[in-house]
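Listed below are the residues making up each chain.
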Amino acid sequence: MTAESNAAPMPSLSDADEGLILVVDDTEATRYSLRRVLERAGFRVIEASNGADALLRMAEHPDLLTLDVRMPELDGYEVCRRVRQNPETAEVPILMISASLTTSEYRIFGLEQGADAYLSHPFQPREPIVSARTLIRLRRARLAPLRFAPRWPIHVGALGDPCRTVYGPGQMTPANRDPPGRRGVSGAARGVPQRARI
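The text that follows walks through the structure, step by step, so that each part is easy to find. (Residues numbered from 1 in each chain as written. Predicted model: local features only at pLDDT ≥ 70, side-chain atom pairs only at ≥ 80, totals over all residues. Heavy atoms only, no water.)

Section: the sheet that holds strand β5 (residues 117-120)
Read from one edge to the other, the open sheet built from 5 strands follows the order β2-β1-β3-β4-β5, with strand pairing classed as parallel. Only two strands of the sheet have a single partner each, and these edge strands are β2 (44-48) and β5. Across the sheet, the axes of successive neighbouring strands diverge by a mean angle of 20°, strand direction being ignored. Helix-sheet contacts for helix α4 (residues 76-85) involve β3 (64-68), β4 (94-98) and β5, and the interaxial angle to β4 is about 175°. On top of the sheet, helix α5 (residues 104-112) reaches β4 and β5; it is set at about 150° to β5, its chief contact. (Pairing = 2+ DSSP bridges. Helix = DSSP H or I, 4+ residues; strand = E, 2+ residues; numbered from the N terminus. Axes fitted to C-alpha atoms, helices over the stretch in contact; angles between N-to-C directions. Contact = heavy atoms within 4.5 Å.)

Topic: the environment of Leu-64
Mapped onto the fold, Leu-64 is located in strand β3. Residues Leu-64 and Ile-21, 43 residues apart in the sequence, show an inter-C-alpha distance of 4.8 Å. In this structure, Leu-64 is in contact with Leu-20, Ile-21, Leu-22, Val-92, Pro-93, Ile-94, Leu-95, Ala-132, Leu-135 and Ile-136, ignoring residues within four places of it in sequence.

Digging into the pairing of strand β1 (residues 20-24)
Buried residues dominate β1, accounting for 5 of its 5 residues. Neither face of β1 is open: one carries Leu-20, Leu-22 and Val-24, the other Ile-21 and Val-23, and all of them are buried. The sheet contact formed by β1 and β2 spans 5 bridges and is parallel. Its bridge partner being in β2, Val-23 is matched across the sheet by Glu-47. Once you follow β1 into helix α2 (residues 28-40) and on to β2, the crossover reads as right-handed. (Buried < 20%, exposed > 50% of the residue type's maximum accessible area, 1.4 Å probe, protein only. Right-handed = clockwise from strand over helix to strand, strands pointing away.)

Dropping the structure here:
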């Protein structure tokens, strides 16, 4: 079994797939109306009626979380904080929605808790659609390079010359080694295309 097959699965990045959205609201009518709007726009939607259920359903790897602010027990702010504190869910974009907590102070507070955007009821049907598409597109752009990260040691290891992979400022690690018995022989002498050198 190769290292590539052992790599953790990455979320779907297909542009044809609008994405999976977890809609969280304690009011059934609000969940229903938002779900219909999003599904008509091509999104797949799952629901949670409270904060605790929302945290459980994050295991289904949604591409976006729409989060009502005012809910019993775990309110939207607390759910947002917990999602951000969990390394498994920290990168999921969060769109907060509220019909009552709509002043700038509440909006700013929501963003400070980790929300990526904040919508106030009432809103036009296109607002959550455009917000969702934008947030999911930004997340996919961030994740796209990670799709190829597990393959780097495999492809780079095939190069003839020793090289290193750079992960960040001052962070480098050997990606391949000079094969035993072939030290001092250049990649060009071994027929390795020079454009492949890093």
